[in-house]
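# Close look at the chain arrangement
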Amino acid sequence: MTTLTDRYLAATLRSVPAGRREEIATELRASIADMIDGRTADGLDASAAEREVLNELGDPAQLAASYADRRLQLIGPAYYLVWQRLLIVLVSIIPAIVGLVVGVVQATTTDNAGGAIGAGISTAFNVAVQIAFWVTAVFAVLERLGTSLNLPRWSVDQLPESPAERDTTLVNVCASIVMLVLLIAVLPWQHFQTVVGDDVRLPIIDPALWRSWLPVLIAVLLATIGLEIAKYRAGRWTWRLVAVNLVLNLAFAVPMIWLLLTDRLFNPDFVAHFAWLRDGGVDTLTAVSALAITTTTIWDVLDSARKAHRAP
Amino acid sequence: MVSDDVLRTHLQELRRGTVVVASLVALRRPDYGYALLQRLTGHGFPVDANTLYPLLRRLEEQGLLTSEWNTEESRPRKFYRTSDTGEQVLSRLLDDLTAVRTSLTALIEGAPR
């Protein structure tokens, strides 16, 4: 018959190196028996004493880890910061690039715009999950091997720029301006260059809008470029800039969402050309676009207000 | 007054290294795990069984303790004893403990209350 002690010993010894298992087993068994004797001498009955002793010794896996001097953590303090920084850098760059490339390739080789966006997003997500898994796995192995990374010691040279300047670095401003210029360039590009089949080109956005809303939207985007430059010159978000940002965001988002929801944004010929758009796909596209515009607008305004609030 | 948790953490930190010193002193007279546990507790060094047993093995692997099996009694017991290396390490540790005590006393006496 197996007693609780037998089961406890088996559970502990399972994860102790095989070479020392026998010796640890004999010693631990004697120690447990001594402890039980100590309790029964105080008047406790044998089975209650056994339970109390084993409860005191605690989780067998933890006891085994202390015998084997094994670390009970996936990634410890020696590697944590390096792991975290590397993961943030890789996950914030690579999935976006790969997703964009896959999306563009899909969009140019097939005539399914929605499918291309979906493929881009799912590829980016998969790449992010793979990166997170493999980076973590490598660091977990390093932790177990106790490998020294021989990284240079931290010094003051690695201090980030002071917080007041950090919100508007030249890199950030340039990236924002490039994005805005691309957004403006997409408007005429989609008018002339959207290939929907063999030598058939159709604008995605209703061409009628060139005589009404599109010039307004382009003016708003140009003004936003001006805002970025003003923000860089100010060195940080001021409340006046936040107000301008709010007005420009609304001047872009409100007409866009209104056009989307009243079915005036997309070119009817373009929608009619694709079966999946005709059969309700355009409604999904409208909903997703409206949601995306609303989210980015709210986030952008709140982010600018937060940075203005935090600035000294 | 600080919370009990904070106080307990600081006391644990303060006591952590003293278990090794106390074990090396106590094992000048050979003893087995449970008996050592009782002796240390009796002398004001309460220590958990699941801390002490693995610690004894680690000290043995580091060469600070030697061990010998005693099979004469009802159950086989492993007796540990402080080795020569252990004795050298112990004297360094005791010196350091005295130095800490001296520095602390000087600090207490020198500082205005």
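Here is a short report on the structure shown in this document. This is a predicted model, so every value here is computed, not measured. (Residues numbered from 1 in each chain as written. Chains lettered and ligands numbered in written order. Predicted model: local features only at pLDDT ≥ 70, side-chain atom pairs only at ≥ 80, totals over all residues.)

### Quick word on the overall build of chain A
- Along the backbone of chain A there are twelve helices and two strands.
- Counting from the amino terminus, helix and strand elements in chain A follow one another as α-α-α-α-α-α-α-α-β-β-α-α-α-α.
- Considering only intrachain contacts with a sequence separation of at least 6, the fraction spanning at least 24 residues in chain A is 67%. (Helix = DSSP H or I, 4+ residues; strand = E, 2+ residues; numbered from the N terminus. Contact = placed C-beta atoms within 7 Å.)

### Here we look at the overall build of chain B
- What chain B contains, in helices and strands, is five helices and three strands.
- Mapped from its N terminus to its C terminus, chain B presents α and β elements in the order α-α-β-α-α-β-β-α.
- When burial is assessed residue by residue, chain B has 20% of its 113 residues classed as buried.
- The long-range fraction of contacts in chain B, counting pairs at least 24 apart against all pairs at least 6 apart in sequence, stands at 42%. (Buried ≥ 20, exposed ≤ 12 C-beta atoms within 10 Å, placed from the backbone.)

### What about the interface of chain A and chain B?
- Taken together, the 15 residues of chain A in the interface contact twelve residues of chain B.
- Listed by contribution, the elements that provide at least two residues to the side of chain A that touches chain B are helix H2 (21-41), helix H3 (46-57) and helix H4 (60-68) of chain A.
- In terms of residue count, the dominant contributor to the side of chain A that touches chain B is H2 of chain A (eight residues).
- Of the residues belonging to the side of chain A that touches chain B, the class tally is seven nonpolar, four polar and four charged. (Nonpolar A, V, L, I, M, F, W, Y, C, P; charged D, E, K, R; others polar.)

### Some details on the nonpolar core
- Ranked by size, the top nonpolar core spans 25 residues in total, and within it Met 35 of chain A together with Leu 65 of chain B carry the most contacts.
- If you list the elements that add at least two residues to this core, you get helix H1 (4-13), H2 and H4 of chain A together with helix H3 (33-42) and helix H4 (49-61) of chain B.
- No other element matches H2 of chain A, which puts five residues into this core.
- Those residues in contact with Leu 65 of chain B that sit more than four places away from it in its chain are Leu 27, Leu 56, Leu 59, Glu 60, Tyr 80, Arg 81, Thr 82, Ser 83 and Gly 86 of chain B. (Core = buried A, V, L, I, M, F, W, Y, C linked by C-beta atoms within 7 Å.)

### Quick look at the pairing of strand S2 (residues 65-70) of chain B
Residue and element names in this part refer to chain B.
- One ladder, built from six bridges, connects S2 with strand S3 (residues 77-82); its direction is antiparallel. In the strand pairing of S3, Asn 70 is matched with Arg 77.
- Counting the residues that bridge the hairpin from S2 to S3 gives six residues. (Pairing = 2+ DSSP bridges.)

### Notes on the packing of helix H8 (residues 170-193) of chain A against helix H9 (residues 213-234) of chain A
Residues and elements named next belong to chain A.
- The contact between H8 and H9 brings their axes to 10 Å, and the two run at 170°. Between H8 and H9, the angle is such that the two are roughly antiparallel. Residues Val 173, Ser 176, Ile 177, Leu 180, Leu 183, Ile 184 and Leu 187 of H8 form the contact with H9, whose own contacting residues are Leu 214, Ile 218, Leu 221, Thr 224, Ile 225, Glu 228 and Tyr 232.
- The class makeup of the residues in the contact of H8 with H9 is eleven nonpolar, two polar and one charged. (Axes fitted to C-alpha atoms, helices over the stretch in contact; angles between N-to-C directions. Parallel < 35°, antiparallel > 145°, perpendicular 65-115°, else oblique.)

### Comments concerning the environment of Ala 223 of chain A
Residues and elements named next belong to chain A.
- Along the polypeptide, Ala 223 turns up in helix H9.
- Accessibility expressed as a C-beta count within 10 Å gives 15 for Ala 223, which makes it partly exposed.
- Distance in space between the C-alpha atoms of Ala 223 and Val 244 is 9.6 Å, their sequence separation being 21 residues.

### Side note on the pairing of S3 of chain B
- Two strands pair when backbone bridges link them, and strand S1 (residues 31-32) of chain B and S3 of chain B are joined in this way by two bridges, in the antiparallel orientation. When the bridges of S3 of chain B are listed, Asp 31 of chain B appears paired with Tyr 80 of chain B.

### Quick word on unusual backbone geometry
Residues and elements named next belong to chain A.
- Positive phi, close to 55°, is recorded for Asp 69, a residue that is not glycine.
- Along the chain, the position of Asp 69 falls in the loop between H4 and helix H5 (77-109).
- The exposed category is assigned to Asp 69, around which 10 C-beta atoms lie within 10 Å.
- Positive phi values are uncommon outside glycine, yet Asp 263 reaches one of about 60°.
- Locating Asp 263 in the fold gives a position in the loop between helix H10 (239-261) and helix H11 (268-273).
- When the 13 C-beta atoms within 10 Å are taken as the criterion, Asp 263 is described as partly exposed.

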